[in-house]
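# A look at the structure
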Amino acid sequence: MYSFIWRKLPFGLAGKLAGSVLLAAATVALLWYVAFPWAEPLLPFDDVQVTQDSGVPGEPGGGDAVTGETPAGDEHDLPYDTDQNNTPPPSPSR
């Protein structure tokens, strides 16, 4: 297919390169302004549900829904040691 298009483009190598760029730009513009806006309502990009689990099944987690306050405690505790990540990797021996 691409060889057929390449053979049908006029004006030698320069014309074929310019024609190829124009065809590619027209294809991108057609997709960007026609196809993607048409398909956007059909795709589930806006169906986002963010929840915070408390770790106990059946109980809502997070904070108070009315005041927006988080429960006491540090919610940023990591279950692993981060000090090991600060050491540089050993240099390769040759």
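Just above, that's the structure.
The structure reproduced in this document is the subject of the present report. (Residues numbered from 1 in each chain as written. Predicted model: local features only at pLDDT ≥ 70, side-chain atom pairs only at ≥ 80, totals over all residues. Heavy atoms only, no water.)

### Focus on the overall build of the chain
Test applied: What counts as a helix is a DSSP run of H or I of at least four residues, what counts as a strand is a run of E of at least two, and both are numbered from the N terminus. Remark: exposure states derive from per-residue accessible area (1.4 Å probe, protein chains only) relative to the maximum for the residue type, with buried under 20%, exposed over 50%, and partly exposed in between. In short, Shrake-Rupley with a 1.4 Å probe defines the accessible areas, and a residue's cover is counted only from the protein chains shown.
Looking only at helices and strands, the chain features 2 helices and 0 strands. Sorting the 94 residues of the chain into buried and exposed places 5% on the buried side. Summed over its atoms, the accessible surface of the chain is roughly 9,200 Å², and 63% of this surface lies on carbon and sulfur atoms.

### Quick notes on helix α2 (residues 12-39)
Cut-off, in case you're wondering: One less than the number of residues in a helix, times 1.5 Å, gives the span that helix is expected to have. Fitting one axis to the seven residues ending at a residue and another to the seven starting there, the bend at that residue is the angle between the two axes. When checking whether two residues touch, look at their non-hydrogen atoms; a contact exists if any pair is within 4.5 Å.
The terminal C-alpha atoms of α2 lie 38 Å apart, and with 28 residues this matches the ideal 40 Å at 1.5 Å per residue to within 8%. The largest bend along α2 reaches roughly 35° and is located at Leu31. Along α2, the positions that sit buried rather than exposed are Gly15, Lys16, Gly19 and Ala39. As for α2, its buried residues are in contact with α1 (2-8).

### Remarks on the environment of Lys16
Within the secondary structure, Lys16 sits in helix α2. The sequence separation of Lys16 and Ile5 amounts to 11 residues, and the corresponding C-alpha distance is 9.2 Å.

### Observations regarding unusual backbone geometry
The phi torsion at Phe11 lies on the positive side, around 75°, for a residue other than glycine. Mapped onto the secondary structure, Phe11 falls in the loop between α1 and α2.

### Some remarks on the side chain of Lys16
What counts, and what does not: Only four residue types enter the charge count: Lys and Arg as positive, Asp and Glu as negative, with His and the chain ends excluded. The term salt bridge refers to a side-chain nitrogen of Lys or Arg lying within 4 Å of a carboxyl oxygen of Asp or Glu.
Buried and unpaired, Lys16 has no salt bridge, with Glu40 as the nearest side chain of opposite charge at 38 Å. Lys16 has contacts with Trp6, Arg7, Leu9 and Pro10, leaving out every residue within four places of it along the chain.

That is the geometry; function is a separate question.
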